[in-house]
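What the coordinates show
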Amino acid sequence: MTKKQTQKLVKACVQNDRGAQEALYKLYYADMMQVCQSYLADEELAREAFNTAFLTVFESIKNFDTERGELGGWIRRIMVYSSIDLYRAELKFGNVTDDLPEQETEFIPPAVLEKLYFEDILRHIRTLPSATQTVFILSVLDGFSHKEISEQLNISEGTSRWHLSEAKKQLRGLLENKPGAARPMERGGRK
């Protein structure tokens, strides 16, 4: 969509034009539903987060400035926060006292990633415990800092770091043991 088309659509939505609201909803439905589903494995919860977020979009669209941001990014942020809010309401986090330092390490070999599709990766992410899964998605997929995650999920930064470290460890094990996936070389050059 061009900037002019976006401005026209936003203006019509601000004026409560049902046709424009329906067009906006349909335009972003697939991408934004996928955002909610990445946080909430239960389809009904994902749909609830999506609908709550779109209600917020329609209520807040008068505050969106086409000069300062991209509409899809703005809507995505609302989807993320709606999903987090619902997740937080549905599940309880246990605080972990390990305060692990954040490490920038390669946790999945590129050769393994090349063989996987997004759906495969998401399926593996879904096997993680719910709190660990959410922290991983917020950090890796959406770029939240541990401080932002701790504020959003009402956990300590150390707990956020632990969940991210645990997610990377578990995903590494799942992905490296996937049949047909390349295995890392052992010491001495042997497989």
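Structure first, text after, so check above.
Predicted, not measured: the structure shown is a model, and the values here were computed from it.

1. Considering the pattern of salt bridges
Once their charged atoms are close, side chains differing in charge can pair, the charge on each being opposite to the other. Tallying each qualifying case throughout the model produces 8 salt bridges. Between Glu67 and Lys3 there is a salt bridge, with the nearest N and O atoms lying 3.0 Å from each other. Of this pair, Glu67 sits in the loop between helix 3 (43-60) and helix 4 (71-90) while Lys3 sits in helix 1 (residues 3-14), and the two are 64 residues apart along the sequence. For Lys3, a relative accessible area of 44% puts it in the partly exposed group. What emerges from the salt-bridge pattern is a single network uniting Glu43, Glu44 and Arg47.

2. As for the packing of aromatic side chains
All told, the structure shown has 8 aromatic pairs when counted by the stated rule. For the pair Tyr29 and Phe50, a centre-to-centre distance of 5.1 Å together with 80° between the ring planes defines the contact as edge-to-face. Taken as a pair, Tyr29 in helix 2 (residues 18-39) and Phe50 in helix 3 lie far apart in primary sequence, 21 residues in all. For the ring pair Phe50 and Phe54, a centre distance of 5.2 Å and an interplane angle of 55° mean the geometry is tilted. In this pair, Phe50 and Phe54 are both assigned in helix 3, 4 residues apart and thus about one turn of the helix distant.

3. Observations regarding helix 2
At Tyr29, helix 2 shows its largest bend, some 60°. Among the residues making up helix 2, those that are buried are Ala20, Gln21, Leu24, Tyr28, Met32, Met33, Val35, Cys36, Ser38 and Tyr39. Where helix 2 starts, the residue carrying a side-chain oxygen 2.8 Å from the main-chain nitrogen of Gly19 turns out to be Asp17.

4. Description of the packing of helix 4 against helix 8 (residues 146-153)
For the pair helix 4 and helix 8, the least separation of the axes is 10 Å and the interaxial angle reads 50°. The angle between helix 4 and helix 8 falls in the class oblique. On the side of helix 4, the interface is formed by Arg77, Tyr81, Ile84 and Arg88, while helix 8 contributes Glu148, Glu151, Gln152 and Leu153.

5. Some words on helix 3
Counted at 1.5 Å a residue, the expected span for helix 3 with its 18 residues is 26 Å, and the 25 Å between its end C-alpha atoms agrees. Turning to helix 3, its buried residues are Leu45, Ala46, Ala49, Phe50, Ala53, Phe54 and Val57. On its buried face, helix 3 sits against helix 2 and helix 4. The N-cap residue of helix 3 is Asp42: its side-chain oxygen and the backbone nitrogen of Glu44 are 3.0 Å apart.

6. Things to note about the packing of helix 4 against helix 7 (residues 130-141)
Interaxial distance between helix 4 and helix 7 falls to 12 Å at its minimum, and their mutual angle equals 165°. As the angle between them shows, helix 4 and helix 7 are arranged roughly antiparallel. Handedness of the helix 4/helix 7 crossing: left-handed. Residue-level inspection shows Arg76, Val80, Ile84 and Tyr87 of helix 4 in contact with helix 7, the latter providing Ser130, Ala131, Thr134, Leu138 and Leu141. Residues belonging to the contact of helix 4 with helix 7 are distributed by class as follows: 6 nonpolar, 2 polar and 1 charged.

What counts and how
- Residues numbered from 1 in each chain as written.
- Predicted model: local features only at pLDDT ≥ 70, side-chain atom pairs only at ≥ 80, totals over all residues.
- Heavy atoms only, no water.
- Salt bridge = Lys/Arg side-chain N within 4 Å of Asp/Glu carboxyl O.
- Helix = DSSP H or I, 4+ residues; strand = E, 2+ residues; numbered from the N terminus.
- Buried < 20%, exposed > 50% of the residue type's maximum accessible area, 1.4 Å probe, protein only.
- Phe/Tyr/Trp six-rings, centres within 6.5 Å; stacked < 30°, edge-to-face > 60°.
- Bend = angle between axes of the 7 residues up to and from the residue.
- Polar contact = N/O pair within 3.5 Å; in protein donor to acceptor, adjacent residues only side chain to side chain.
- Axes fitted to C-alpha atoms, helices over the stretch in contact; angles between N-to-C directions.
- Parallel < 35°, antiparallel > 145°, perpendicular 65-115°, else oblique.
- Contact = heavy atoms within 4.5 Å.
- Expected span 1.5 Å × (residues − 1).
- Left-handed = near helix turned anticlockwise from the far one by under 90°.
- Nonpolar A, V, L, I, M, F, W, Y, C, P; charged D, E, K, R; others polar.

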